[in-house]
Amino acid sequence: HLNVEQQLQELVAGDDDSETRVVVTSVPDPRKGERLVVLHTELPMAPDALCRELADAGMPNLWIPSPDSFHQVPEIPVLGSGKLDLRHARQLAEEAFGTDNAK
């Protein structure tokens, strides 16, 4: 997920912006086993345009989330240490995409 997240972060924030605007996590998917989900704050372009940019950058198709796998959140969850709160991010994704594993 980290490679996808880094590429998306560069696309949405540029190299000079250190604010985290996207986090990539996964949720269970009945067809594929796992579905990549992108939680994000404000995006400078539509999700389908971001997916095309990932493909144009040479990202493998398997790693490119579908445009309907993007979900806007008010803020990216972080821990007190400033690191991404991956557990909370996954929980938000599970709630947004209606999986049975949401806690």
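Refer to the preceding data block for the structure.
Residues numbered from 1 in each chain as written. Predicted model: local features only at pLDDT ≥ 70, side-chain atom pairs only at ≥ 80, totals over all residues. Heavy atoms only, no water.

Engineer: Can you break down helix H1 (residues 2-13) residue by residue, with the values?
Structural biologist: Here H1 spans 16 Å end to end across twelve residues, near enough to the 16 Å set by a 1.5 Å rise per residue. Val4, Glu5, Leu8, Gln9, Val12 and Ala13 are the residues of H1 that are buried. On an axial view of H1, the arc spanned by its buried residues comes to 130°, and they lie on one face. As for H1, its buried residues are in contact with strand E1 (22-29), strand E2 (33-40), helix H2 (47-56) and strand E3 (70-72). (Helix = DSSP H or I, 4+ residues; strand = E, 2+ residues; numbered from the N terminus. Expected span 1.5 Å × (residues − 1). Buried < 20%, exposed > 50% of the residue type's maximum accessible area, 1.4 Å probe, protein only. Arc of directions from axis to C-beta. Contact = heavy atoms within 4.5 Å.)

Engineer: Which residues make up the side chain of Thr41, and what values do they have?
Structural biologist: Position of Thr41 among the secondary structure elements: in the loop between E2 and H2. Among all residues touching Thr41, those that are not within four sequence positions of it are Arg21, Gln72, Val73, Pro74, Glu75 and Ile76.

Engineer: Residue-level account of the pairing of E2, with values.
Structural biologist: Across eight bridges, the pairing between E1 and E2 is antiparallel. Bridging across to E2, Val22 finds its partner in His40. Note that the unit made of E2, H2 and E3 has a crossover that is right-handed. (Pairing = 2+ DSSP bridges. Right-handed = clockwise from strand over helix to strand, strands pointing away.)

Engineer: Describe helix H3 (residues 86-96), naming the residues involved and giving the relevant values.
Structural biologist: Along H3, the residues classified as buried are Ala89, Ala93 and Glu94. All buried residues of H3 project into a common sector of 135° when viewed along the axis, lining one side. Where the residues of H3 are buried, they touch E1 and E2. Backbone geometry just downstream of H3 places Gly98 in the positive-phi region, at approximately 60°.

Engineer: Outline the pattern of salt bridges, supporting the account with residue identities and numerical values.
Structural biologist: Scanning the model with the defined rule gives three salt bridges in all. Measuring nitrogen to oxygen at the nearest pair gives 3.4 Å for the salt bridge that ties Asp68 to Arg35. One end of the pair, Asp68, is in the loop between H2 and E3; the other, Arg35, is in strand E2, with 33 residues separating them in the sequence. (Salt bridge = Lys/Arg side-chain N within 4 Å of Asp/Glu carboxyl O.)

Engineer: So what's going on with the environment of Pro44? Which residues, and what values?
Structural biologist: Residue placement: Pro44 occurs in the loop between E2 and H2. As a C-alpha pair, Pro44 and Val12 span 32 residues in sequence and 6.0 Å in three-dimensional space.

Engineer: Which residues make up the nonpolar core, and what values go with them?
Structural biologist: Side chains of a nonpolar character, in soluble globular proteins, are inclined to be buried together. By size, the foremost hydrophobic cluster in this structure holds 15 residues, and its most contacted members are Leu8 and Phe70. Sort the elements by how many residues they give to this core and H1 lands first, with four residues. Apart from residues lying up to four places away in sequence, Phe70 is in contact with Leu8, Val38, His40, Leu43, Pro47, Leu50, Cys51, Pro65 and Phe97. (Core = buried A, V, L, I, M, F, W, Y, C linked by side-chain atoms within 4.5 Å.)

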